[in-house]
Amino acid sequence: MIVIPTRMKSWLMLLALLLVCSEAFGAVVYVKGQKEPIAGFVESADDMSIQLRIVTPEGDELNRRILRSEIDLLLQPVSPSRLSQLSPDNPKAYREYAEELVEKTSDPEAVETAKRLFMIAAHLDPKAEGRSALLGMTPLMNDPQSVKQLRAMAYLIDPSHDASLLEGQQQAVTTGAALDESLREDVIKVLQMLRHGERADARQQLQRDEIRSAMRQGTSKITPDECLALVQGLCPGCGQGQIPAYMLQKLVAAELELRTSEASDEVKPQWGFFLDGTFQKPLPVLSLAKAIGFDPRQCVYRDGEWIEPAK
């Protein structure tokens, strides 16, 4: 039995709730002077503030107005206006926007939107977009079986039926491995130092072997070498004390991954499980419409909903 710490339960439940609710677009807000980010849905925004609807782990909803002067970092990668401009006449645009959102893995809504856009592109133009769209989805899936199904569909859609799509090693799709609580907090502090521009303090911490090892083990979003490059101003755009957007995204994604990670010792079934009659189920049918639980024919975004184009 896996025991999940109370704080991790809260984060996991919050992320799950963010996936369920879709009336407004999600955002992750870092407020100056506060350690924990605030995840919610932007109900309204102007030049002075944003109105955030926050879903608590208990399922309650809170409304909070946050002044823009108080915001250290606002992540809101999914753009409603960008979605409304997508047209079935241009399937490539769906895939290109999905590829942009793939990098925004700290926002659960960005991940779900990317999956949808990839699948729509594959549906609209399977010959030209199917292979790249389906393969582009694989890093977003939560289990190896889903990755295999996407690769199988890519093989069937691909006009050349490239067998290499069914072979080779799959990249791990799980989050970072479990860490000791104190080490996890130390790595998170280093990420926060980097995000706040405290490069000297971060450099000192990154000289510790245990910190570098814990970072490699605990997160797949950023590496110690990338952090050192940022500290030394050697990565593209990192000079003169600046943090480029792509590095900022990596730092935030790594921090959220560490906060939501849990011990995940896999319990393997006994051999008798495979002889149990309940295991003998029909093989799943490979279908674009069933791959991630929505109909890709609903490919037009209007008034906050995905609908089928008018005929």
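Shown above is the structure to which this text applies.
Here's a quick rundown of the structure. As the structure is a computational prediction, the values presented were derived from the model and not from experiment.

1. A word on the environment of Gln-249
Relative to the helices and strands, Gln-249 resides in helix 11 (residues 245-260). Each C-alpha atom, one on Gln-249 and one on Arg-195, is 9.7 Å from the other, the two residues being 54 residues apart in sequence.

2. Section: the packing of helix 3 (residues 91-102) against helix 5 (residues 126-137)
Where helix 3 meets helix 5, the axes come as close as 11 Å, and the angle between the chain directions of the two elements is 20 degrees. Judged by the angle between their axes, helix 3 and helix 5 are roughly parallel. Helix 3 and helix 5 meet at a crossing whose hand is left-handed. Contact with helix 3, carried on its side by Pro-91, Lys-92, Arg-95 and Val-102, involves Glu-129, Ser-132, Ala-133 and Gly-136 of helix 5 and no other residues of that element. Of the residues that constitute the contact of helix 3 with helix 5, the class distribution is three nonpolar, two polar and three charged.

3. What about the side chain of Arg-95?
The topology assignment puts Arg-95 in helix 3. Judged by relative accessible area, which is 13%, Arg-95 ranks as buried. For Arg-95, the side chain forms a polar contact with the side chain of Glu-99, separated by 2.8 Å. Contact partners of Arg-95, with chain neighbours within four places excluded, come to Phe-118, Ala-121, Glu-129, Ser-132 and Ala-133.

4. Notes on the packing of helix 8 (residues 199-206) against helix 10 (residues 224-232)
Where helix 8 contacts helix 10, the axes come no closer than 9 Å and their chain directions differ by 145 degrees. Read as a crossing pair, helix 8 and helix 10 show a hand that is left-handed. For the pair helix 8 and helix 10, contact is made by Arg-199, Ala-202, Arg-203 and Leu-206 and by Cys-227, Leu-228, Leu-230, Val-231 and Gln-232, respectively.

5. Quick notes on helix 9 (residues 209-218)
In an α-helix, one full turn covers 3.6 residues, which means residues spaced three or four apart are oriented alike. Residues of helix 9 that are buried: Ile-211, Ala-214, Met-215 and Gly-218. On an axial view of helix 9, the arc spanned by its buried residues comes to 100 degrees, and they lie on one face. Across helix 9 from its buried face, at more than 90 degrees, point the exposed residues Asp-209 and Arg-216.

6. Brief notes about the packing of aromatic side chains
For the coordinates displayed, the defined rule picks out one aromatic pair. When the ring centre of Tyr-97 is taken as origin, the NZ or CZ atom of Arg-82, which lies over that ring, is 4.1 Å away.

7. Some thoughts on the pattern of salt bridges
Side-chain pairs of opposite charge can arise whenever the charged atoms involved come near each other. Taken as a whole and judged by the stated rule, the model has 17 salt bridges. For Asp-72, the salt bridge identified is with Arg-195, shortest N-O distance 3.3 Å. Of the two residues, Asp-72 sits in strand 5 (residues 71-75) while Arg-195 sits in helix 7 (residues 181-195), which places them 123 residues apart along the sequence. Given a relative accessible area of 8%, Arg-195 falls into the buried group. Put simply, Glu-255 and Arg-259 hold a salt bridge, and the shortest N to O gap is 3.0 Å.

8. What about the environment of Gly-40?
If you trace the backbone, Gly-40 turns up in strand 2 (residues 38-45). Once the C-alpha coordinates of Gly-40 and Gly-26 are considered, the two residues, 14 residues apart in sequence, prove to be 5.6 Å apart.

9. Quick word on helix 10
Here helix 10 has its buried residues at Pro-224, Cys-227, Ala-229, Leu-230 and Val-231. The inward-facing, buried residues of helix 10 abut helix 7, helix 8, helix 9 and helix 11. Just beyond helix 10, the residue with positive phi is Gly-233, at close to 70 degrees.

Cut-offs used in this document
Residues numbered from 1 in each chain as written. Predicted model: local features only at pLDDT ≥ 70, side-chain atom pairs only at ≥ 80, totals over all residues. Heavy atoms only, no water. Helix = DSSP H or I, 4+ residues; strand = E, 2+ residues; numbered from the N terminus. Axes fitted to C-alpha atoms, helices over the stretch in contact; angles between N-to-C directions. Parallel < 35°, antiparallel > 145°, perpendicular 65-115°, else oblique. Left-handed = near helix turned anticlockwise from the far one by under 90°. Contact = heavy atoms within 4.5 Å. Nonpolar A, V, L, I, M, F, W, Y, C, P; charged D, E, K, R; others polar. Buried < 20%, exposed > 50% of the residue type's maximum accessible area, 1.4 Å probe, protein only. Polar contact = N/O pair within 3.5 Å; in protein donor to acceptor, adjacent residues only side chain to side chain. Arc of directions from axis to C-beta. Phe/Tyr/Trp six-rings, centres within 6.5 Å; stacked < 30°, edge-to-face > 60°. Lys NZ or Arg CZ within 6 Å of the ring centre and 35° of its normal. Salt bridge = Lys/Arg side-chain N within 4 Å of Asp/Glu carboxyl O.

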